[in-house]
Amino acid sequence: MEPQLLDSVTDGVATVVVHHPAKRNAMTAGMWRALPPLLDRLAADPAVRALVLTGEGGTFCAGADISTLRESPGEAQGSALRAEEALAAFPKPTLAAIRGHCVGGGAQLAAACDLRFAEEGALFGITPAKLGLVYPSSSTRRLVSLVGPGTAKYLLFSGELIDAERALRTGLVDEVLPSGELGERVAEFTRVLISRSRLTQAAAKEFSNGRDDRDAHWAEQARGSGDAAEGVAAFLERRAPRFTWNV
């Protein structure tokens with residue numbers, strides 16, 4: 001099978017699989033270019049409540065296919081950055097499910113997700129210093145917001161790999177699961193996500209990403225949504241809430 005991004009939607013959860021097993025799921029130029037329109041399509045699908053990004057088999061993504069950097073590294077980096085920003089801007093909760101190597105462009109994509117769950121044995125690294133590349137400023141700021149300046153500098157200056165336990169301690173990942181349990185935990189957690197208020201999630205995502213000019217907008221949405229009344233009623237009646245607000 002040619003290198004590509006595979007997608008499916010099941011029970012409200014979209015799954016995007018980086019599929020290039022011959023090169024540990026390295027992203028080709030075509031795959032970088034394909035990601036933004038794929039995300040646009042999934043964002044517009046009313047059946048999609050959350051998105052999981054993962055890699056084929058036992059590897060998340062080993063970065064960019066280095067052969068794509070030979071002729072035009074600037075163009076390749078630009079495509080990667082556009083893909084990263086499209087993922088960061090996806091309007092619904094996103095989760096990276098990580099096995100094996102999550103390196104270079106793979107770590108760039110994982111950092112753009114809202115949450116990162118990893119399997120024991122996963123390895124993380126950000127490697128532009130090995131290639132003489134300048135890591136984009138927005139990508140650097142995103143990394144610093146996750147792990148702090150000290151760990152960000154460690155990763156960027158050295159290009160060294162860190163294990164899942166260190167990634168958890170530094171905030172690069174949110175949960176580490178024993179071998180064989182990642183899929184079940186991701187499925188369980190995404191079921192939780194799609195049961196919660198989309199209004200709360202959408203506003204929280206904007207605020208968490210630094211948007212500070214939409215307080216009035218979200219206050220108006222909250223007043224008109226009925227979600228708060230439904231949430232309180234469901235709690236008092238000891239039943240699952242039926243939230244109705246949608247993007």
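Because the structure is a prediction, the values reported are computed rather than measured.

Asks: Looking at this model, I keep getting lost on the environment of Leu 39. Mind explaining?
Replies: In this structure, Leu 39 sits in helix H1 (residues 29-44). Not counting residues within four places of it along the chain, the set of residues in contact with Leu 39 comprises Leu 51, Ala 86, Leu 87 and Phe 90.

Asks: Would you explain the side chain of Glu 230 in this entry?
Replies: Along the polypeptide, Glu 230 turns up in helix H10 (residues 227-236). Classification of Glu 230 by relative accessible area gives buried; the value is 15%. Apart from residues lying up to four places away in sequence, Glu 230 is in contact with Arg 239, Ala 240, Pro 241, Arg 242 and Phe 243.

Asks: Would you explain the sheet that holds strand S2 (residues 13-19) in this entry?
Replies: The strands making up a sheet are joined through hydrogen bonds of the backbone, oriented either antiparallel or parallel. Taken together, six strands build an open sheet; the order of strands is S1-S2-S3-S4-S6-S9 and the sheet is mixed. The outermost strands of the open sheet, each flanked by one partner alone, are strand S1 (4-10) and strand S9 (175-177). Between one strand axis and the next, the sheet turns through 20 degrees on average, direction left out of account. When S2 meets strand S3 (residues 50-55), the two strands line up parallel, connected through six bridges. Among the inter-strand pairings, Val 18 is bridged to a residue of S3, identified as Gly 55.

Asks: In this structure, what is going on with H10? I would like to understand it.
Replies: Helical geometry: 3.6 residues make up each α-helical turn, so side chains three or four residues apart lie on a common side. Within the span of H10, buried status applies to Asp 227, Glu 230 and Ala 234. Axial view of H10: buried residues confined to an arc of 65 degrees, hence all on one face. Residues of H10 that are exposed and angled more than 90 degrees away from the buried face: Ala 228, Ala 229, Phe 235 and Leu 236. Close packing links the buried residues of H10 with helix H8 (198-208) and helix H9 (215-225). A positive backbone phi angle near 55 degrees is found at Arg 238, which sits one or two residues after H10.

The rules behind these values
Residues numbered from 1 in each chain as written. Predicted model: local features only at pLDDT ≥ 70, side-chain atom pairs only at ≥ 80, totals over all residues. Heavy atoms only, no water. Helix = DSSP H or I, 4+ residues; strand = E, 2+ residues; numbered from the N terminus. Contact = heavy atoms within 4.5 Å. Buried < 20%, exposed > 50% of the residue type's maximum accessible area, 1.4 Å probe, protein only. Pairing = 2+ DSSP bridges. Axes fitted to C-alpha atoms, helices over the stretch in contact; angles between N-to-C directions. Arc of directions from axis to C-beta.

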